[in-house]
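# Coordinates in review
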Amino acid sequence: MTTNSNELTFLQQQAKIRHRIEEAITQQFAAEDEGLQYALTAARQAGLPQIQISPIQGKLLQLLATACNAHKILEIGSLGGYSGIWLARALPSNGRLITLEINPIHANLVRTAFAKAGVSDRAEVRVGKALDLLPHLESEAPFDLVFIDADKSPYPQYLEWALRLTRPGSIIVADNCVRRGIAVDQPEDEGVVGVVEYNKRIASNARLLSLLLAMDDDYTDGFAISVVKP
Ligand code: SAH
Ligand code: DHB
Ligand code: MG
């Protein structure tokens, strides 16, 4: 397929419009304060990959946490604490966020970022491989919201744990379930088999009401959102 210059101009204009829309929504509904900006800067300066969620995704997580009256939230994959700050801020003062992180360097940055953002009283990072830490969380369940955003191949196992650690009415969110379209377009691609299986399971599980929402990175990636049915 070839693209002539008229079409190219049109596509570039459309991309610009999408960009402006995202900027305007971010400014009006998902502006970052100093705490969130600190987390981003510290992670960048420490050389962490810049793969945190977008501000709009952060606000959506807050909206979902508030909708299910979340008092306990579990996050799998903390990075520099950016998404954790959004989540922790949706909690009441007696609420609890537990975030799991395999990399101790990341975990240290998260602790500092949580302190700077004023959420250390309710947010805690636990260091280790998520699949090793998850069995120890059974005594602290049920969680009202689970956010999955760690390594992608064990996503189906993370879903199993999320189902075990939640209650009817809880919400389960997983990032990167579209993956530049590869997860929907080339499901046999080695890099996305875990995510493809995750999508398949949430789409067909009778206990879940689910939607895969392409809303990030110019509609090429996004959240899979599931509600555990009453
Ligand atoms: N949720 C973060 C981004 C997470 S990036 C945000 O939006 O701000 C993915 C993180 O998962 C990385 O920090 C990586 O070190 C961590 N990770 C990868 N494999 C893991 C595993 N098996 N267990 C726990 N954490 C893991
Ligand atoms: C990657 C991981 C993420 O969680 C993400 O949101 C984007 C990219 C990655 O490993 O490349
Ligand atoms: Mg992600």
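In the block above lies the structure referred to throughout.
Below is a short write-up of the structure.

### Concerning the coordination of the magnesium ion (ligand 3)
Around the magnesium ion (ligand 3), the protein contributes the donor atoms Asp149 (OD), Asp175 (OD) and Asn176 (OD1), which lie 2.1 Å from the metal centre. Within one chain, the residues serving as donors to the magnesium ion (ligand 3) are arranged as D-x25-D-N. Linking Asp149 in the loop between strand S4 (143-148) and helix H7 (155-164) with Asn176 in the loop between strand S5 (166-174) and helix H8 (182-185), this pair joins segments that are 27 residues apart in sequence. No difference in accessibility class separates Asp149 from Asn176, as the two residues are buried.

### Comments concerning the site of ligand 2
Residues in contact with ligand 2, as listed here, are Ile51, Asp149, Lys152, Asp175, Asn176 and Arg179. Between ligand 2 and Ile51, the relevant distance is 3.2 Å, taken from an oxygen atom to a main-chain nitrogen or oxygen of the residue. Asn176 places a polar side-chain atom, nitrogen or oxygen, 2.7 Å from an oxygen atom of ligand 2. Taken by itself ligand 2 offers 300 Å² of open surface, and the protein chains cover 63% of this. Split by residue class, the shell around ligand 2 holds one nonpolar, one polar and four charged.

### Considering the site of ligand 1
Of all residues adjacent to ligand 1, which total 21 residues, the nearest are Ser83, Glu101, His106, Ala130 and Asp149. Within the backbone of Leu79, an N or O atom sits 3.2 Å from an oxygen atom of ligand 1. Considering ligand 1 on its own, with 590 Å² of exposed area, one finds that the protein chains cover 90% of that surface. Elements with a contribution of two residues or more to the shell around ligand 1: helix H4 (82-88) and strand S2 (96-101). Looking at the shell around ligand 1, its residues break down into ten nonpolar, six polar and five charged.

What counts and how
- Residues numbered from 1 in each chain as written.
- Chains lettered and ligands numbered in written order.
- Predicted model: local features only at pLDDT ≥ 70, side-chain atom pairs only at ≥ 80, totals over all residues.
- Heavy atoms only, no water.
- Donors = N, O, S within 2.8 Å, 3.2 Å for Na, K, Ca; no water.
- Helix = DSSP H or I, 4+ residues; strand = E, 2+ residues; numbered from the N terminus.
- Buried < 20%, exposed > 50% of the residue type's maximum accessible area, 1.4 Å probe, protein only.
- Near = heavy atom within 4 Å.
- Polar contact = N/O pair within 3.5 Å; in protein donor to acceptor, adjacent residues only side chain to side chain.
- Areas by Shrake-Rupley, 256 points an atom, 1.4 Å probe, with all protein chains shown as cover.
- Nonpolar A, V, L, I, M, F, W, Y, C, P; charged D, E, K, R; others polar.

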